[in-house]
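Listed here are the chains, written in short residue letters.
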Amino acid sequence: MSFHLTVSWQTSPAPEGEFNRDHQIDFGTGQQLLASAAPEYKGNEAKVNPEESLLAALSSCHMLTFLTIAHLKRLPVESYRDNATAEIGKKESGKIAVTRMSLNPEVTFAEGAEIDRETLEKIHEKAHANCFIANSLAADTEVEINF
């Protein structure tokens, strides 16, 4: 399995001594995303930045893995919402990196589905352990369960 996307940028007006950080990401599926740097790095706050994209990939992967496990356990999920956060900091090497990501999923199961906190935690642990994106990251990732 492999994936492909194209990131493209071209010069456009910017303040003296600066460059415009706006760019476009074309995914292999045909979807397009307008992106920029984070505002703290002179980017356009109205566009998605790489740090948000990384966090979105982690959150989405965790959710899809969670939903798969719940489905296999015949636990029907009604809704899933994650208010995820990421923090930028310095690593021991002094390099700036995404140093911490926190997933805060809220899951609602269908009426009649009985699930206790321990089972919910185990499903999230298994989802985290099997999420392709989580397994690709060096940053600490925390899953804070809302029950």
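Residues numbered from 1 in each chain as written. Predicted model: local features only at pLDDT ≥ 70, side-chain atom pairs only at ≥ 80, totals over all residues. Heavy atoms only, no water.

1. Structural notes on the overall build of the protein
Applicable threshold: Comment: elements are numbered from the N terminus, with helices defined as DSSP H or I runs of at least four residues and strands as E runs of at least two. In this description the radius of gyration comes from C-alpha coordinates, and the expected globular size is given by 2.2 Å times residues to the power 0.38. Charge assignment in this entry is limited to Lys and Arg as positive and Asp and Glu as negative, and neither His nor the chain termini are counted. We put the charge of a Lys on NZ, of an Arg on CZ, of an Asp on CG and of a Glu on CD.
Looking only at helices and strands, one finds 2 helices and 8 strands in the protein. Reading the protein from its N terminus to its C terminus gives the helix and strand order β-β-β-α-β-β-β-β-α-β. In terms of overall size, the protein is more extended than a compact globule, its C-alpha atoms giving a radius of gyration of 18 Å where 147 residues would be expected to give roughly 15 Å. By its C-alpha atoms, the protein is 60 × 40 × 30 Å across when sized along the principal axes. Considering the protein, the positive charge centre built from 13 side chains and the negative charge centre built from 22 side chains are found 5 Å apart.

2. Details of the pattern of salt bridges
What counts, and what does not: Definition used for salt bridges: Asp or Glu carboxyl oxygen within 4 Å of a side-chain nitrogen of Lys or Arg. Per-residue accessibility, obtained with a 1.4 Å probe over protein chains only, is compared with the maximum for each type, and a residue is labelled buried under 20%, exposed over 50%, and partly exposed between these values.
Applying the stated criterion across every chain, the model contains 7 salt bridges. Ionic pairing is found between Asp22 and Lys47, a salt bridge with its closest N-O pair at 3.1 Å. Of this pair, Asp22 sits in the loop between strand 1 (5-8) and strand 2 (23-27) while Lys47 sits in the loop between strand 3 (32-35) and helix 1 (50-72); the two residues are 25 residues apart in sequence, bridging distant segments of the chain. A residue is classified by how much of its surface remains accessible, and Asp22, at 22% relative accessible area, is partly exposed.

3. What about the packing of aromatic side chains?
Each aromatic ring pair is described using two quantities: the centre-to-centre distance and the angle formed by the ring planes. As a reminder of what qualifies: The aromatic pairing rule takes the rings of Phe, Tyr and Trp, using the six-membered ring of Trp, and pairs them if the centres are within 6.5 Å, calling planes under 30 degrees apart stacked, those over 60 edge-to-face and the rest tilted.
Taken as a whole and assessed by the stated rule, the structure comprises 2 aromatic pairs. Seen in terms of ring centroids, Phe66 and Tyr80 are 5.6 Å apart; in terms of plane orientation they differ by 55°. Their pairing is tilted. Taken together, the residues Phe66 in helix 1 and Tyr80 in strand 4 (residues 77-82) connect sequence positions 14 residues apart. Phe66 sits in the buried class, given a relative accessible area of 0%. Residue classification places Tyr80 among the buried positions, given a relative accessible area of 15%. With 6.4 Å between their ring centres and 55° between their planes, Phe66 and Phe109 make a pair best called tilted. Linking Phe66 in helix 1 with Phe109 in strand 7 (residues 105-109), this pair joins segments that are 43 residues apart in sequence. Accessibility classification places Phe66 together with Phe109 in one group, the buried group. Among the aromatic residues, ring-to-ring pairing joins Phe66, Tyr80 and Phe109 into one connected group.

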